[in-house]
Amino acid sequence: MNLKLLFFCLVFAVLLIQSKAKRKHGHRGSSSRPDKREMREKKRMRFEDILADIFFAETVDDEDEDDDQGNSDWIFDLQDPDGQCNPNPCLNNGVCKEKGRRNFKCDCPKPFRGRKCEKGPKACRRGRCGRGECVLTSSPPYYECKCKEPFQPPDCRRVSLCEPNPCKNGGQCIREGNDFDCQCPEGFRGRFCHVGPDDCYVDDGETYRGLVSETEDGFECLYWNSHFILEKGADPFSSFEDKDGLGPHNFCRNPDGEQMPWCFYRRGRRLLWDYCDVTPCPEPTNVVPTDFVIPDPPPTSAKPSTAQPTTVTTQTTQVPPTDVTSTGVAEPQQFLTCGVPQPKKSFARIFGGLKVSPGGIPWQVSIQEKPKNSLLPYRHICGGVLVSSCWVLTAAHCIEKNKALQVVAGSLSLDKVEPTAQTIEVENSIVHENYRDTSEAVFNDIALLRLKGNDGFCANETQFVKTACLPDVKLSDGMECTISGWGATESSDYGSNHLLEADVLLINQEKCSEPKIYGSVLDNSMFCAGYLQGGVDSCQGDSGGPLTCKQNSTSVVYGLVSWGDKCGAKNKPGVYTRVTEFRNWIKSKMQASP
Ligand code: ARG
């Protein structure tokens, strides 16, 4: 019996190794380093990925309406007995009712439903579209299934490879085991050869009506009328100003003044967005007729307007004038209010692990270092939190002796200089006296950076640069808070160029000290936040950055990213410096050198 089992396992392991080896070979070119496009191939949902996708696994044949509950039940057990309905957890005007001492129930106005009234109309019942996306339509039966190839309509449960041929424009469908690839004729690209040679966008791509339906990283775009988008609380058709380009399709568009066309995509049950793999159209100067009289070149000091990257142009037009006075001198009444970000535009796309919109997290700074007295460029090492014009809070483990430090505030991107950015040198850093980094845990992981400035003015308050408030009370377990940073993501170990944010839950200290989680290493200088089932988490490069929670609509910096066992792993949530424990320390250090 046992031998049989062993034999079975061996055969299975051999099959698995073979299939993995085959995939690796199949997708690599002759050079040893895959180029960007080859890397993208990996993100494509192959047959196995579709089978393994928890989105389908959770929904197939499951007509039960309430989801996600099993996963997060622990959190409701841990909540404080009071305040389940305060703040109101029910979305879409749902009315919250206390249920027992530790739970709540939302009464949802029609047609909303779900534990927190987060779900829209019912046409797309769970599992209705098998391994496909359910999109909403305006005529009966009010939904349509968009199958993931090679799954076939009508209900995306039957598999058929290359029949009918999914490749467009004469593309040839090549079978590869359970999968297929489209071999496109010259000039055509995209998974289905559906993107033609003239497919390009001008300026910020507002007028783009092309057929690209993949993100920069190769993720397949969701249909704009996908029921999944609506279920997550966003409705592209009602929230964007420029809806002309949107429709029942999954092509990239720019309905909201972004830098270039973008789209929503999905990872597991998370809704994300990203810019698309679109090509800018060639400059019109290439088509100047030969008899055209070329004017004198402009004086060398003037910048030709075409040299201006479109990103900068769009940004300057998007950005209303800042609060800096005409003399450029900071006003004394700056930073009077903490913890209030730039009001989000109605169409902000903020869901787990999403790109932050301008001014969304104005207290987040990037801490950058270089060897002292060197000409090397500064590079990002950690996040930090602006708590006053001249003070940044960060993790002690971010501070290395003999390094020159600077902070960049007001910037979302690490790889380009944004007009909203303020780069400020660090005068000195104060590491907590009891900071200790052991192989088990990092204790008292907190430091303050004093910025260089004049008369107590260092950072300038603008729409993009604001302070977070210091916390004064302990908050309830289970509360949803926000983490942000440029650190490593599931798709890049090097981190993200654009600031990302995600929501995490505060985890009860006893729960987090269970043997299968972190055991007895946690002390009062730290706490856990995240999801015990894994997934959303901070990671390398996020350290020192904020975990903020809303208290009466004001963001307080409740934690600083500190450490964790791997990232996003099951039962290994992120560990954060417990800022409430250091309130007096922070105040005393800041007062000592105002
Ligand atoms: N120590 C890391 C850093 O320096 C942060 C790690 C956070 N890890 C986690 N799983 N949350 O950036």
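What this report covers is the structure whose coordinates are included nearby. Everything numeric here is computed off the predicted structure, so don't read it as measured data.

## Notes on unusual backbone geometry
So, step 1. Residue Pro-150 follows Glu-149 across a cis peptide bond; omega there is 5 degrees.
So, step 2. Note that Pro-150 resides in the loop between β4 (143-147) and β5 (151-152).
So, step 3. Backbone torsion omega between Pro-153 and Pro-154 reads 5 degrees, so that peptide bond is classified as cis.
So, step 4. On the secondary structure map, Pro-154 appears in the loop between β5 and β6 (158-159).
So, step 5. Even without being a glycine, Cys-193 presents a positive backbone phi close to 55 degrees.
So, step 6. Structurally, Cys-193 is set in the loop between β8 (179-183) and α6 (227-231).
So, step 7. At Asn-373, a position not held by glycine, the phi torsion is positive, near 55 degrees.
So, step 8. Note on placement: Asn-373 falls in the loop between β12 (364-371) and β13 (379-388).

## Thoughts on the site of the ligand
So, step 1. Neighbouring the ligand are 15 residues, the closest being His-397, Ser-538, Gly-541, Ser-543 and Lys-566.
So, step 2. Here an oxygen atom of the ligand and a side-chain polar atom of Ser-543 are 2.5 Å apart.
So, step 3. Between a nitrogen atom of the ligand and a main-chain N or O atom of Ser-562, the distance comes to 3.1 Å.
So, step 4. Against a free-state accessible area of 350 Å², the protein chains account for coverage of 91% of the ligand.
So, step 5. The leading source of residues in the shell around the ligand is strand β24 (residues 554-563), at three residues.
So, step 6. Its residues placed into classes, the shell around the ligand shows four nonpolar, eight polar and three charged.

## Notes on the side chain of Asp-477
So, step 1. Positionally, Asp-477 belongs in the loop between β19 (447-451) and β20 (480-485).
So, step 2. Reaching out from Asp-477, the side chain makes a polar contact with the side chain of Asn-508 at a distance of 2.8 Å.

## Topic: the packing of aromatic side chains
So, step 1. A full pass over the atoms with the stated rule returns 11 aromatic pairs.
So, step 2. With a centroid separation of 6.3 Å and 20 degrees between ring planes, the pair formed by Phe-180 and Phe-192 is classed as stacked. With Phe-180 in strand β8 and Phe-192 in the loop between β8 and α6, this residue pair connects regions lying 12 residues apart in the sequence. You'll find Phe-180 and Phe-192 in the same group, each marked buried.
So, step 3. Aromatic pair Trp-224 and Phe-264: ring centres 6.0 Å apart, planes at 70 degrees, arrangement edge-to-face.

## Here we look at helix α10 (residues 583-592)
So, step 1. Listed as buried for α10 are Trp-585, Ile-586 and Met-590. Buried residues along α10 cover an arc of 120 degrees about the axis, so they all sit on one side. Facing away from the buried surface of α10 by more than 90 degrees, the exposed residues are Asn-584, Gln-591 and Ala-592.
So, step 2. Summarising the contacts, the buried residues of α10 are in contact with β13, β14 (391-394), β16 (422-431) and β19.

## Considering the nonpolar core
So, step 1. Formed by 45 residues in total, the largest nonpolar core has its most connected members in Ile-367, Leu-386, Leu-393, Val-407 and Ile-586.
So, step 2. Listing elements by their share of this core, those giving two or more residues are β12, β13, β14, β15 (403-409), β16, β19, β24 and α10.
So, step 3. Sequence-distant contacts of Ile-586, that is, excluding residues within four places in its chain, are made with Leu-393, Ile-446, Leu-448, Leu-470 and Val-579.
So, step 4. Within the second largest apolar cluster, 32 residues are counted, among which are Phe-47, Ala-123, Cys-124 and Val-195.

About the thresholds
- Residues numbered from 1 in each chain as written.
- Predicted model: local features only at pLDDT ≥ 70, side-chain atom pairs only at ≥ 80, totals over all residues.
- Heavy atoms only, no water.
- Helix = DSSP H or I, 4+ residues; strand = E, 2+ residues; numbered from the N terminus.
- Near = heavy atom within 4 Å.
- Polar contact = N/O pair within 3.5 Å; in protein donor to acceptor, adjacent residues only side chain to side chain.
- Areas by Shrake-Rupley, 256 points an atom, 1.4 Å probe, with all protein chains shown as cover.
- Nonpolar A, V, L, I, M, F, W, Y, C, P; charged D, E, K, R; others polar.
- Phe/Tyr/Trp six-rings, centres within 6.5 Å; stacked < 30°, edge-to-face > 60°.
- Buried < 20%, exposed > 50% of the residue type's maximum accessible area, 1.4 Å probe, protein only.
- Arc of directions from axis to C-beta.
- Contact = heavy atoms within 4.5 Å.
- Core = buried A, V, L, I, M, F, W, Y, C linked by side-chain atoms within 4.5 Å.

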